[in-house]
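Chains, contacts and geometry: an overview
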Amino acid sequence: MSVLVDKNTRLAVAGITGKEGAFHTLNNRRYGTNVVGGVTPGKGGQDVEGIPVFDSWAVAAQETQPNTAMIFVPPRFAADSILEAAAAGVELVIAITEGIPAHDELRVYNTLLRDRVGGHPKTRLIGPNCPGILSPGKANVGIIPASFFEQGNVGVVSRSGTLTYQIGNEIAQAGFGCSSIVGIGGDPVPGSSFVDVLALFEADPETELIVLSGEIGGSAEEEAAQYIATNVTKPVIAYIAGFTAPAGKQMGHAGAIVSGTAGTAKAKAKALEAQGVRVGRTPTEVAELAVDVLSGVGLINGPRDGTDAGRTGAQAGQARARAGGRRRA
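Attention in this report is confined to the structure presented alongside it. (Residues numbered from 1 in each chain as written. Predicted model: local features only at pLDDT ≥ 70, side-chain atom pairs only at ≥ 80, totals over all residues. Heavy atoms only, no water.)

**Structural notes on the nonpolar core**
Core analysis: the biggest nonpolar cluster contains 45 residues, and I94, V182 and L272 have the highest contact counts within it. The contacts of I94, once residues within four sequence positions are left out, are V5, T68, A69, M70, I71, I126, C130, G132, I133 and V141. (Core = buried A, V, L, I, M, F, W, Y, C linked by side-chain atoms within 4.5 Å. Buried < 20%, exposed > 50% of the residue type's maximum accessible area, 1.4 Å probe, protein only. Contact = heavy atoms within 4.5 Å.)

**Description of the environment of G142**
Mapped onto the elements, G142 comes out in strand β9 (residues 139-142). With a relative accessible area of 2%, G142 lands in the buried category. A C-alpha to C-alpha distance of 7.7 Å links G142 and T25, two positions 117 residues apart in sequence. Beyond its immediate stretch of four places on either side in the chain, G142 contacts H24, N28, M70, I96, P131 and G132. (Helix = DSSP H or I, 4+ residues; strand = E, 2+ residues; numbered from the N terminus.)

**Overview of unusual backbone geometry**
Residue G127 is joined to P128 through a cis peptide bond whose omega torsion reads 5°. Its place among the elements puts P128 in the loop between β7 (124-126) and β8 (132-135). Not every positive phi belongs to a glycine, and L4 is a case in point at roughly 75°. Here L4 lies in the segment before β1 (10-14). You can call L4 partly exposed: its relative accessible area is 26%. Despite not being glycine, E49 has its phi angle at roughly 50°, a positive value. The class for E49 is exposed, based on a relative accessible area of 55%.

**Some remarks on helix α4 (residues 102-114)**
Over its 13 residues, α4 runs 18 Å from end to end, which matches the ideal 18 Å to within 8%, given 1.5 Å per residue. Residues of α4 that are buried: D104, E105, V108, T111 and L112. An end-on view of α4 places all buried positions within 130° of arc, on one side of the element. Residues of α4 that are exposed and point more than 90 degrees away from the buried face comprise H103 and R114. (Expected span 1.5 Å × (residues − 1). Arc of directions from axis to C-beta.)

**Focus on the sheet that holds strand β10 (residues 151-158)**
Across the sheet, seven strands lie side by side as β9-β8-β11-β10-β12-β13-β14; this open sheet has mixed pairing. Where the open sheet ends on each side, the last strands, each with one partner, are β9 and β14 (278-280). The average undirected angle you get between the axes of adjacent strands in this sheet is 20°. Taken together, the six bridges between strand β12 (residues 209-215) and strand β13 (residues 236-241) define a ladder with parallel strand orientation. Directly across from V211, in β13, lies its bridge partner I237. (Pairing = 2+ DSSP bridges. Axes fitted to C-alpha atoms, helices over the stretch in contact; angles between N-to-C directions.)

**Description of the sheet that holds strand β2 (residues 34-39)**
Ordered by their spatial adjacency, seven strands build an open sheet running β3-β4-β2-β1-β5-β6-β7, and the pairing between neighbours is mixed. Where the open sheet ends on each side, the last strands, each with one partner, are β3 (47-48) and β7. Sheet topology places strand β5 (residues 68-71) next to strand β6 (residues 92-95); four bridges connect them, and they run parallel. Looking at the pairing, T68 lines up with L92 of β6.

**Looking at the environment of E170**
Relative to the helices and strands, E170 resides in helix α5 (residues 161-173). A relative accessible area of 22% places E170 in the partly exposed class. Considered as a pair, E170 and F149 are 21 residues apart in the sequence and their alpha carbons are 9.0 Å apart. In contact with E170, other than residues within four places in its own chain, are P283, T284 and A287.

So, in structure tokens, the structure goes:
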């Protein structure tokens, strides 16, 4: 299976008439994603290689019933576009746009939080400043280079787009595949956190191993560690970018702010390892750890209640058989 995007995805794209928006929208369609329309104010009635363009999200929703939105508009317009898609009833919004002002991100976050129904998001936001979501063999929404990845049972969630590609590709090169790859972005106010995506992978019956890729700054990885301790039964391995980052300097994404020892790669790794999560020091080592658990060589998350909560070697071998890939020569 997969999370968030699949064969049932109906995608509409804000900014489809721009150079980047058109390029990636058509790439997504070529992959097999069902692109039903686009939104550019003032260009309603036009089309992009047969994809109809509408003046507003309200009209696009009425005419094409999208369940997923991709945001490719300039930063100053992105927050309004996200909220207009949500108001039109779109269930999932994936914001690729980089450089959205933090106060706009906060406005979007609080609006979507206010509009939750029964404790669940009426509209789920992934991003902003993210590479999107790929469910190999099913759908690609965003800028992830899909040809690098194989279909399988490893769920990947990452703050960094580049690391998302590298780790997913390393796993594919090792002969295994991914159920879904979710880039949550590295901005200070992300729409979805590690915890949100971990919950989705935990509930997905065909995701058997979760790979979490974090980076210095903020507390998202420490929060994920606490969530894993009490809510995740599947094996989790992790990578934290920034072990060699100099102290006192902001590096990487806007969210990469380190305060004293808090937010450092070492502190994040320590928090995760305290909950039984093995942390690779390089993307290649993460792929090697993934191969270990899928081959039954090692168990990642140890038992926390004194019982043998891990899978047997035979069960892990069955997981490998379901991973959807053969080892490459």
